[in-house]
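A closer look at the structure
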Amino acid sequence: MSSIISFFILICILVFVHEYGHFWAARCCGVKVIRFSIGFGKVLFRKKDKYGTEFAFSLIPLGGYVQMWNGEPEINKQKIDVPISQSLSTKSLLQRAFIISAGPIANFILAVIAYWVVFVSGIPTLKPVVGQVLPNSIAAQANVPVEFEIKQVAGKTVLDWEEVSLALIDNLGAEYVEVLGSSINEDHPQRFYLNLTDWKVDGTKESPLTSLGIRPKNTVIKPEIAQVLPHSPAEKAGLKAQDKILAVNHYPFDWQNLVKTVQTGQPITLEIESSNQQKQAVEITPEKQKDRYVIGIIPTYEGIGDKYRTVIEYDMLTAMVKSVDKVGSLIHSIFQFLGNLITGELSLNNISGPISMAKGAAATAEIGWVYYLSFMALISVNLGVMNLFPILPLDGGQLLLLAVEAIKRKPVSEKFHLRFQQLGMLFVLSLMAFAFINDVIHF
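Okay, so let's go over this structure. All values reported here derive from a predicted model rather than from experimental measurement.

**Structural notes on the packing of helix H2 (residues 93-121) against helix H10 (residues 369-386)**
Where H2 meets H10, the axes come as close as 8 Å, and the angle between the chain directions of the two elements is 160°. Accordingly, the angle class assigned to the pair H2 and H10 is roughly antiparallel. For the crossing formed where H2 meets H10, the hand is left-handed. Of H10, the residues touching H2 (which contributes Pro-104, Asn-107, Phe-108, Leu-110, Ala-111, Ala-114, Tyr-115, Val-117, Val-118 and Ser-121) are Trp-369, Val-370, Leu-373, Ser-374, Ala-377, Leu-378, Ser-380, Val-381, Leu-383, Gly-384 and Val-385. Within the contact of H2 with H10, the residues separate by chemical class into 16 nonpolar, five polar and no charged.

**Quick look at the nonpolar core**
Formed by 34 residues in total, the largest nonpolar core has its most connected members in Leu-10 and Val-381. Within the residue set of this core, elements represented by two or more residues are helix H1 (2-28), H2, helix H8 (316-343) and H10. For Leu-10, the residues in contact, after removing those within four places along its chain, are Met-357, Ala-361, Tyr-372, Phe-375, Met-376 and Ile-379. Judged by nonpolar contacts, the second largest core, of 26 residues, contains Val-158, Val-164, Ala-167 and Val-177.

**Let's talk about the environment of Thr-261**
With respect to the element layout, Thr-261 can be found in helix H7 (residues 255-263). Classification of Thr-261 as buried rests on a relative accessible area of 13%. The contacts of Thr-261, once residues within four sequence positions are left out, are Val-248, Asn-249 and Ile-268.

**Considering the pattern of salt bridges**
A complete count under the given rule lists ten salt bridges for this structure. The partner of Asp-49 in a salt bridge is Arg-27, with the nearest N and O atoms 2.8 Å apart. Of this pair, Asp-49 sits in the loop between strand S1 (33-48) and strand S2 (54-68) while Arg-27 is found in helix H1, placing the two residues 22 residues apart along the sequence. Take Asp-49: its relative accessible area is 25%, and that puts it in the partly exposed class. Glu-178 is the partner of Arg-191 in a salt bridge, and the nearest nitrogen-oxygen pair spans 3.0 Å.

**A look at the sheet that holds strand S7 (residues 148-153)**
If you trace the four strands from one edge of the open sheet to the other, you get S8-S7-S9-S10, paired in antiparallel fashion. Looking at strand neighbours, the two that pair on one side only are strand S8 (156-157) and strand S10 (190-195), the edges of this open sheet. In this structure, strand S9 (residues 176-183) lies alongside S10, joined through six bridges in antiparallel fashion. Along S10, the bridge assignment pairs Tyr-176 with Asn-195. Sheet strands touched by helix H4 (residues 161-170): S7, S8, S9 and S10. Its angle to S7, the strand with the most contacts, is close to 50°.

The rules behind each value
Residues numbered from 1 in each chain as written. Predicted model: local features only at pLDDT ≥ 70, side-chain atom pairs only at ≥ 80, totals over all residues. Heavy atoms only, no water. Axes fitted to C-alpha atoms, helices over the stretch in contact; angles between N-to-C directions. Helix = DSSP H or I, 4+ residues; strand = E, 2+ residues; numbered from the N terminus. Parallel < 35°, antiparallel > 145°, perpendicular 65-115°, else oblique. Left-handed = near helix turned anticlockwise from the far one by under 90°. Contact = heavy atoms within 4.5 Å. Nonpolar A, V, L, I, M, F, W, Y, C, P; charged D, E, K, R; others polar. Core = buried A, V, L, I, M, F, W, Y, C linked by side-chain atoms within 4.5 Å. Buried < 20%, exposed > 50% of the residue type's maximum accessible area, 1.4 Å probe, protein only. Salt bridge = Lys/Arg side-chain N within 4 Å of Asp/Glu carboxyl O. Pairing = 2+ DSSP bridges.

If you want it as structure tokens, here you go:
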């Protein structure tokens, strides 16, 4: 339920801001607005203002629209009795381009404001300190040490793991990337070069960091069992609290590996050391509950020290500069991401949809409002960029048609417009379906 509510609030705010950008620009240019709608389908609420614009909230809030008068004598069997000068079709190319681009611009402005609030309030985060380097990985070949704090990637200063990941993705396709930093316990600069020649990122299998062989310094999960759930497979196999898990299917204990192994649903063999130091091999068959497999144990967590923590916080003026820079950096990273998808450097499996968005909204809302606001800013930038795709019915497609009209000095034919829109709708629906399928697979 929390995922649905968090996602609902997120989508409604982002759609409202985007459509309000179009609405505000239309009003500024003197265009008659027929309807301002949040959502599609059955109208749940509607109200008209003194200008005759109907504000509506509909059943399916996964989008919205601003309906502008284009010179039709009547709309929905209602006669439009306003001067022709209020028609969108009478406005100049620049005015129409302003109205169309105002939606994505509003999303970028929202992101800047959101990040400004986050940076002024301060957002607790973890320093990008390497917690583990996986054997035979790209990071291992570059001799990146444990406890190494990353401070720059390819010359760009990074403050947390999110910025490290974005900077690394920006360099996808490069032969090498330079990583600069120092040990968390000293300030002696160290420089490493990661060989990215064979680096591939597949979001269904691992994160960009893990694919390089880096696991962040985080809360440590110890091999000791904190609790065994009643009537669980673990209890039936004789496991008890304070038992230590030495190995999983004959591999040394690693919690993430244990979780992945359990999710296969296949019987697993655990090498256990009991509290009296007796060792034994125990076979457990995971049990399916709802949508996942479990064995019924809760691990012991070891907290992370203060030296690994930081708070990203600035004064009001610096925060504004940093938020603008953050949004600009995200826009660049998204375009870089799209370019890598087209060239094949990134797998299409990295595309996610509404289920992932809902999970992200719920997770950040549970952690704290600054994280939720930061997530909202990230999605707002993505929404703004996606709407600039040069296809109909997106804003970018309409801007492209205006550019063609400016070159030809006349609008495109209705037949071309229709075909262009049909192809665009096919592409958008296919992309949405693919993203949804990816979400289901990930989920």
